[in-house]
Structure formats: C-alpha cells, structure tokens
Amino acid sequence: MKNSIKTTIATVIVSSLAASAVLAGPTAQQTVTYEVSAINEISVSSPTVSLTVNAATAGSAPTAASNSSTTYAITTNESDRKITGVLNSAMPSGVSLSASLAAPTGADSAGPVALTGSAQDLVTGISTLNESGKVITYSLSATSAAGVVPSASKTVTLTVTAGS
Amino acid sequence: MSFPSRVILLLILLGRFAQGADLISMGDWVETIGASKLVAGAGSDLQPQIESVSGATILTISNAPGSWILRARFSGTGGHPDVSVQVKRTSTGSGAGRIDGGTTYTELTGLDAEICSGTESREGIALQFRLTGLSCHVSPDTYVSSIIFTVQ
C-alpha cells in the first residue's frame, strides 16, 4: 500500500513535469495582419468653375467659352480603373458642357466629352498610381437657336470606377 | 531519504535544467490600410510607414537559467514582398533579470534576427511593430505575417 502511494505520487509529479514542458517552451508565435482596402480617390482643386457664352463672330455660332483653371488629383491602388463624369441634370436644349481631362501616366484621355445625365468615360486605362495637377478643361457652347439662357449651376461628378 | 523519493527529486532537478527558458507571447496586430492612410488625400500615396501601438505584443520570459537571446523570424512568406515588417522593444518589463538592446526597429525575414538579450526572467516586455514600404502599388488584399519568437 505504501509503495503504491509513492508510485502514484511519482507518476503525478512526472506527468506534471511533462505537461509543463508541452505548455511552455522557448518559442511563441504572433501574427501581424494588414488589410489593404481598395483605394479610389479623386479630388478637384476648385469646387466651382464659371463659364459664360457671350460673344460670337458675325455669321457664326456663338463662341464657346473655355476654362482650364481646375485640376484634379487621383490615387488608386487598383488596376483597370477609369474616370467617368456625369451631370446632376441635363443641359438646356442647344447648350452643351464638355469636359476634357488630362490623362495621368499610362492612361488615355477621351478628349472633350459632352456631359449628360449619364456617366461618360473621360479617362480610361488607369492603374495603381497617385498623381495630381492634371488639368480639367471645361467648355460651354451654345447654338444660336438656344437663345438667351438664364444663368444656372450644374454639378459635375467625377468618379473613379472599374473599367479599362 | 528513500529510493523513490530520491528518484523523484532527481527527475525534478533534471527537468528544471533540461527545460531552459520559457517564452509566452500575447497580442497580435491587425491594421486596416485604406484611404484614411493617404499622406494628403487624393493624389498622394500611402504613408510609407505605419506603426502599431506600443505593446501590441507582450512577451514573458521565465525559467531562464542564465543569459538568453530573443530572436524572431517569419513563418512562411511574411506578407506582401514590397512591405517590410519591423519590430522593436518598447519596455524593459519587470523581473529579476536584465534586458538589453532591441530598442530600434529590426526588420523581420525568414531567418532568425536578434531582437534583444538578457538574463533570467523578465515579465511584460512590450513590443511595437512597424510596416514600411507601403504604397498604392500594394494591391488590395489581406496579408498575414506569422512571426516566430524564440528565446535561447
């Protein structure tokens, strides 16, 4: 009986030593996890641009007004992006607002594009870049038939979206 | 002392000497990198360096019979190839022993790199991590770097 108790005690102690060796040791592991989210940011240098059509050469349509004072900046960490432009509402009959965006490196500008209430491609083929100071040229034109059009504001929304 | 008692005592002593130092770590670092991490909004790139809080991982070294060296390495790829993970010690912890070095960032690779050294037991050693090499050319994804710490 006495020997049996001693054997049991010895077994418990040896087992405890073995268990501690398994639970703690000279190595440990941790993880560093970083999640990079999709980044598609665009901004413009000025929130407003004014254009007035108020001149014409006799015998010709009214002279279009142009403004290149605004620039845009873009950052994307995705490939095959494009910039679209859309108006908040359609232009009056006989009046057209176009936008031409200078392309960032490696991308293609669509040149002057008449803006409408539907998204139009302005720059395509954009991939993983960050650039600023890219010129936006707005142009406002009107036909003689448009007559005198009251001053109005339109909102142009530029969006970086998928598509090459 | 009886024979069984001597055997038990011998086993205990052998166990203590054979075990060496024990290392316990607590705390992982999870970082989300989005548009808020751009240097200056649209047109700018991501901040090239992003740090964890101090004490993102806490280490405890115990049962150290004498001097020890703490090393670290990646298990696996380590994440995006353009991005480096660095680690440094930001506290001395507490305990009977001493701790030296490791207060500047060490870049982790697949090979063991010395982080710091010391003697005897130290508890609550705070570590801080840093990511470098981030840019808009790092494609959106989740990158996991498993880090193996070893004390010897």
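It should be emphasised that the depicted structure is a prediction, and the values quoted were computed from it without experimental measurement. Sequence order sets the numbering: in each chain, residues are counted from 1 along the sequence as written. Chain letters and ligand numbers both follow the written order, the letters beginning at A and the numbers at 1. Given that the model is predicted, a residue must reach a pLDDT of at least 70 before its local features are reported, and side-chain atom pairs must reach 80 or more before they are shown or counted; all residues, however, enter totals for whole chains, interfaces and linings.

### Comments concerning the sheet that holds strand β7 (residues 98–100) of chain B
Strands in a sheet are paired, the pairing made by backbone hydrogen bonds, and the direction either parallel or antiparallel.
Here comes step 1: Reading across from one edge, β2(B)-β1(A)-β11(B)-β5(B)-β9(B)-β7(B) is the order of the 6 strands in this open sheet, with mixed pairing throughout. Across the chains shown, the open sheet's two edge strands, defined by having one partner strand only, are β2 (29–33) and β7 of chain B. Taken pair by pair, the neighbouring strands of this sheet meet at an average axis angle of 20°, ignoring direction.
Here comes step 2: Pairing analysis gives 3 bridges linking β7 of chain B to strand β9 (residues 113–119) of chain B, with the strands arranged antiparallel. The residue of β9 of chain B that forms the bridge with R98 of chain B is T119 of chain B. Here the rule is simple: two strands pair whenever DSSP picks up at least two bridges between them. Strands here are runs of E lasting at least two residues and helices are runs of H or I lasting at least four, both read from the DSSP assignment and numbered beginning at the N terminus. Geometry is summarised by axes, namely lines fitted to C-alpha atoms with helices restricted to the contacting stretch, and by angles between N-to-C directions that run from 0 to 180 degrees.

### So, the sheet that holds strand β8 (residues 120–126) of chain A
All names here are of chain A.
Here comes step 1: The strand order across the open sheet built from 4 strands is β6-β8-β4-β10, with neighbouring strands paired in antiparallel fashion. For this open sheet the edge positions go to β6 (108–109) and β10 (156–162), each flanked by a neighbour on one side alone.
Here comes step 2: Pairing between β6 and β8: 2 bridges, direction antiparallel. Bridging across to β8, D108 finds its partner in T124.

### Description of unusual backbone geometry
Here comes step 1: For T128 of chain A, which is not a glycine, the phi torsion comes out positive at approximately 30°.
Here comes step 2: Within the element layout of this structure, T128 of chain A appears in the loop between β8 and β9 (129–142).
Here comes step 3: Non-glycine residue E120 of chain B carries a positive phi angle of around 55°.
Here comes step 4: Along the polypeptide, E120 of chain B turns up in the loop between β9 and β10 (122–132).
Here comes step 5: A tally of 18 C-beta atoms within 10 Å means that E120 of chain B is categorised as partly exposed. Counting other C-beta atoms within 10 Å of a residue's C-beta gives its exposure: the residue is buried at 20 or more, exposed at 12 or fewer, and partly exposed in between, where C-beta atoms are placed from the backbone.

### Notes on the pairing of β8 of chain A
Here comes step 1: As judged from the 4 bridges shared by strand β4 (residues 81–87) of chain A and β8 of chain A, these two strands associate in the antiparallel manner. If you follow I83 of chain A over to β8 of chain A, its bridge partner there is V123 of chain A.

### Re the confidence of the model for chain A
Here comes step 1: Taken residue by residue, chain A gives an average pLDDT of 89. The fraction at 70 or more is 85%.
Here comes step 2: What pLDDT conveys is the predictor's confidence in a given residue, as a value from 0 to 100. By the convention adopted here, residues are in contact when the distance between their C-beta atoms, placed from the backbone, does not exceed 7 Å. Ignoring residues within four places in sequence, the model shows residues 7–22 of chain A, a span with pLDDT below 50, making 10 contacts including any to other chains.

### Thoughts on the interface of chain A and chain B
Here comes step 1: The interface is formed by 36 residues belonging to chain A together with 51 residues belonging to chain B.
Here comes step 2: The set of elements that each furnish at least two residues to the side of chain A that touches chain B consists of α1 (2–23), β1 (27–36), β2 (40–44), β3 (65–76) and β9 of chain A.
Here comes step 3: Sort the elements by how many residues they give to the side of chain A that touches chain B and β1 of chain A lands first, with 10 residues.
Here comes step 4: Taken together, the residues of the side of chain A that touches chain B sort by class into 17 nonpolar, 14 polar and 5 charged.
Here comes step 5: As defined by bridge partners, β1 of chain A adjoins strand β11 (residues 141–151) of chain B across 10 bridges and the pair is classed as antiparallel. In the strand pairing of β11 of chain B, V32 of chain A is matched with S145 of chain B. Polar here means any residue other than Ala, Val, Leu, Ile, Met, Phe, Trp, Tyr, Cys and Pro, which are nonpolar, and Asp, Glu, Lys and Arg, which are charged; Gly is therefore polar.

### Looking at the environment of A96 of chain B
Residues and elements named next belong to chain B.
Here comes step 1: With respect to the secondary-structure elements, A96 resides in the loop between β6 (84–89) and β7.
Here comes step 2: Note: C-alpha distance between A96 and P65 (31 residues apart in sequence) is 12 Å.
Here comes step 3: Discounting chain neighbours no more than four positions away, the residues touching A96 are E120 and S121.

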